[in-house]
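Spelled out from the first residue to the last, the chains are:
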Amino acid sequence: MSDAIIGGKDRIAKRFEKLRAENRAGLVTFITAGDPDPETSFEILKSLPAAGADVIELGMPFTDPMADGPAIQEASNRALAAGMHMRKTLSLVRGFRDHDHETPIILMGYYNPIYIYGVNEFLEDARNAGVDGLIVVDLPPEEDSELCIPTVEKGLSFIRLTTPTSDDKRLPKLVQNTSGFVYYVSVAGVTGAGSATNDQIIEAMARLRRHTDLPIAVGFGIKTPSQAAEVAREADAAVVGSAIVSKIAESLDENGKATDNTALVVSGLVRELADGVRNARK
Amino acid sequence: MTSAPNSINSFRTLPDPEGHFGQFGGRFVAETLMPLILELEQAYKDAREDPAFRKEMDYFLKYYVSRPNPLYYAQGLSDHLGGAKIYFKREDLNHTGAHKINNCIGQILLAKRMGKTRIIAETGAGQHGVATATVCARFGLPCTIYMGAKDIERQSPNVFRMRLLGAEVKPVTSGSRSLKDAMNEALRDWVTNVSDTFYIIGTVAGPHPYPELVRDFQCVIGNEAKEQILDAEGRLPDELVAAVGGGSNAMGLFHPFLDDKDVAITGVEAAGHGVHTGHHAASLTAGRPGVLHGNRTYLLMDDDGQIKEADSISAGLDYPGIGPEHSWLKDIGRVNYVSITDKEALSAFTLCSEKEGIIPALECAHAIAQIIKTAPKMNKDQIVLMCLSGRGDKDIFTVAEALGVKL
């Protein structure tokens, strides 16, 4: 199966190699699977690479997203209300892979839905669907035997969140067993909250580079093309999530249903963000 | 997973260094919080070894909380039921009217020791919120209490109490608007205010070391009760009974007796409208192991791992999870967990008021309801010791409504 050959770690590594060759940072876009409904979500997902997304983070909806701010909480609620569940999330990815073999997809979320699915069965199904890596918010390295180690053994990447509270003492433990890239959460807080200053990001990047050669993506609080560009000058990728799902929320009709505009406003914002990121180092 | 209780030398040695009680417990939190949790673990270890810390705790438990509280022979109820002798451990007589203050004294002293300058907490019935607001007032620290909007409606006296004590009460409107969502919101606050904030968790749940440290601070209930029952009866009770939501009053009573193998132990969950209806809070009876709020434990959820809303007339039991040590004690069979419906708890609430002149909290009315079922079948020389975890004044509006009385 061709996906298995170019999938997993390879697809992520190849994407960052390509970015390096183009001497630019990447744009990582987050949407929640099934938001605002499974069909529209699939349209949005398919449109992301053409709009300029280099890597896609796909949120696995969860009832209790305790590290997320209101925007992503509501995205999760919309998806669950529209009948989204883990098997459907994996079929979204499978559908996406019929169109796109190169853009890495990282599933992001919380552990319980994976644990209940069954770790081994989940990893098998995720890999076969064309998933490249996982970010699981509530699994610190202290719990690596739960999912991180099995994920790496399956040939998928386990991408770790590092934060402003990750000091030089903590970082070696964080980059251990991790692969693909390192996600730097630039502010202590929930998704969609305030943003870090450029100086803080530069300092954090220097600290991270002392501990890892992996590409570093920076996220949390990046909302505009100019903020994305600023991050793209320092980091290997900029991650945007809450701003995108907020666009989805704004596009809905009075009953909270998708409109003809929903997919369009998302690709519009992603195009602007991608322009910012691509022109950052020129 | 399950082994015969007899094969274990002691039930009191857990958690292991990683915070596990068998397969339960652990540290399932966002990375931002990990350094804080490790710091707390170390600070607690140091405090536990420090006689000055113990001395300070004892002082406040005695002169501020007014411990030891009595172990009371509930003769009215015992005679009425016509079976076992029933004793109440009177946690309702503590300052603030419930057992929650025991833990809050311990945690606020720990927070001071760690140099933290701001306190946050979640609350369901409001008892933990009131206890937290109380110790914050006493020790001069600002505090923010997260409380589900649904609970704010049904526990308005406690909301007012917290505000009188100077706390900021933040209504939580996300999710099911009750205790689990208040806990989510407190975690969101904590992850945002990492440098100065101490999170006082109110029950024996959450990431390691909380289940252990809250248990240790609540063990004063069982330690006192053991001494008192030996004084009163010259022997240990035949059975312990306590209500479990997150499970802190129950764990505090049970833990010192876990190795007394002749003492039967019963935890009482809230069956809400009935376990068969799906509208209940009986996570041990009807849930399964999963991961939420920092620990693996029994949870109410659907087949996709989405957490279900709990349902109970008692806001303090309205939580879809349970402390991880309870999950372990269930699986190894040391503690028997049963459930009691809203209706049964209401009858127990009125019966206790009438027969004992004690208005119990709706939470421990569940434990009384269990005793109403079992005590009549026991001999007169048998002893049941129950934790009367709180007073029921806060519940009179809820009970009046349920009984169709207009206040």
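Residues numbered from 1 in each chain as written. Chains lettered and ligands numbered in written order. Predicted model: local features only at pLDDT ≥ 70, side-chain atom pairs only at ≥ 80, totals over all residues. Heavy atoms only, no water.

Novice: Pulling in residues and values, what's your account of the overall build of chain B?
Specialist: Scanning chain B for helices and strands turns up 16 helices and 14 strands. Principal-axis analysis of the C-alpha atoms gives chain B an extent of 55 × 55 × 50 Å. When burial is assessed residue by residue, chain B has 65% of its 407 residues classed as buried. Pairs at least 24 apart in sequence give 73% of the contacts found in chain B among residues at least 6 apart. Summing over all exposed atoms, chain B offers an accessible surface of approximately 13,900 Å²; the carbon and sulfur share of this is 51%. For chain B, the separation between the mean place of its 42 positive charges and that of its 50 negative charges on side chains is 2 Å. (Helix = DSSP H or I, 4+ residues; strand = E, 2+ residues; numbered from the N terminus. Buried < 20%, exposed > 50% of the residue type's maximum accessible area, 1.4 Å probe, protein only. Contact = heavy atoms within 4.5 Å. Areas by Shrake-Rupley, 256 points an atom, 1.4 Å probe, with all protein chains shown as cover. Lys, Arg positive; Asp, Glu negative; His and termini not counted. Charge placed at Lys NZ, Arg CZ, Asp CG, Glu CD.)

Novice: Give me the lowdown on the sheet that holds strand β1 (residues 20-21) of chain B, citing residues and values where you can.
Specialist: Residue and element names in this part refer to chain B. Across the sheet, which stays open at both edges, the 4 strands sit in the order β1-β2-β12-β11 with antiparallel pairing between neighbours. Only two strands of the sheet have a single partner each, and these edge strands are β1 and β11 (288-292). As paired strands, strand β2 (residues 24-28) and strand β12 (residues 294-299) are joined by 2 bridges and run antiparallel to one another. Its bridge partner being in β12, glycine 25 is matched across the sheet by arginine 296. (Pairing = 2+ DSSP bridges.)

Novice: For the pattern of salt bridges, give the residues involved together with the corresponding values.
Specialist: Within the structure shown, the criterion is met by 46 salt bridges over all chains. Beyond isolated ion pairs, a larger network of salt bridges with shared partners links Lys18, Glu22, Arg24, Asp54 and Arg278 of chain A. (Salt bridge = Lys/Arg side-chain N within 4 Å of Asp/Glu carboxyl O.)

Novice: Summarise the interface of chain B and chain A; cite the residues concerned and give the values.
Specialist: Taken together, the contacts link 36 residues of chain B with 35 residues of chain A. Both faces combined, the contact of chain B with chain A buries some 2,800 Å², and carbon together with sulfur accounts for 53% of it. When residues of the side of chain B that touches chain A are traced back to their parent elements, those giving at least two are β2, α1 (34-49), α8 (179-192), β11 and β12 of chain B. Tallying contributions element by element places α8 of chain B first for the side of chain B that touches chain A, with 7 residues. Here the side of chain B that touches chain A is composed, by residue class, of 15 nonpolar, 11 polar and 10 charged. (Buried area = accessible area lost by both parts, 1.4 Å probe. Nonpolar A, V, L, I, M, F, W, Y, C, P; charged D, E, K, R; others polar.)

Novice: Can you lay out the packing of helix α3 (residues 38-51) of chain A against helix α5 (residues 86-97) of chain A for me, pointing to particular residues and giving the numbers?
Specialist: All names here are of chain A. Packing of α3 against α5 brings their axes to within 10 Å, and their N-to-C directions diverge by 40°. When the axis of α3 is compared with that of α5, the two are oblique. The two elements α3 and α5 meet at a crossing, and its hand is right-handed. On α5, the residues touching Pro38, Ser41, Phe42, Leu45, Lys46 and Pro49 of α3 are Leu92, Gly95 and Phe96. (Axes fitted to C-alpha atoms, helices over the stretch in contact; angles between N-to-C directions. Parallel < 35°, antiparallel > 145°, perpendicular 65-115°, else oblique. Left-handed = near helix turned anticlockwise from the far one by under 90°.)

Novice: Quick one: what's the story with unusual backbone geometry, residue by residue and with numbers?
Specialist: For the bond from leucine 14 of chain B to proline 15 of chain B, the omega torsion is 10°, close enough to zero to count as cis. With an omega of 10°, the peptide bond between histidine 208 of chain B and proline 209 of chain B qualifies as cis. Within the secondary structure, proline 209 of chain B is located in the loop between β8 (197-199) and α9 (210-218). Positive phi outside glycine occurs at phenylalanine 220 of chain A, with the angle close to 85°. Locating phenylalanine 220 of chain A in the fold gives a position in the loop between β8 (216-219) and α11 (225-234). Phenylalanine 220 of chain A gets classed as buried once you look at its relative accessible area, which sits at 10%.

Novice: Which residues make up the packing of α1 of chain B against α9 of chain B, and what values do they have?
Specialist: Residues and elements named next belong to chain B. Across the interface, α1 lies against α9 with an axial gap of 11 Å and an inter-helix angle of 30°. The orientation of α1 relative to α9 falls into the category roughly parallel. Regarding α1 and α9, the two cross each other, and that crossing is left-handed. Residue-level contacts link Leu40, Tyr44 and Arg48 of α1 to Tyr210, Glu212, Leu213, Asp216 and Phe217 of α9. Looking at the contact of α1 with α9 residue by residue, the classes come out as 5 nonpolar, no polar and 3 charged.

Novice: Account for the confidence of the model for chain A, with residues named and values stated.
Specialist: For any part of a model where pLDDT is low, the fine detail of the predicted coordinates should not be relied upon. Averaged over chain A, the pLDDT score is 94; the fraction of residues at 70 or greater is 97%. Here residues 1-6 of chain A is a poorly scored stretch, pLDDT under 50, and it has 8 contacts once near neighbours within four places are set aside; other chains count. (pLDDT = per-residue confidence, 0-100.)

Novice: Quick rundown of the packing of aromatic side chains? Include the residues and the values.
Specialist: Throughout the structure, instances matching the rule amount to 19 aromatic pairs over all chains. Ring centres 5.6 Å apart and planes at 50° place the aromatic pair phenylalanine 16 of chain A and phenylalanine 181 of chain A in the tilted group. With a gap of 165 residues between them, phenylalanine 16 of chain A in helix α2 (residues 9-21) and phenylalanine 181 of chain A in the loop between α9 (171-175) and β7 (182-185) connect regions that are remote in the sequence. Judged by centre distance (5.4 Å) and plane angle (40°), the rings of tyrosine 73 of chain B and tyrosine 87 of chain B are tilted. (Phe/Tyr/Trp six-rings, centres within 6.5 Å; stacked < 30°, edge-to-face > 60°.)

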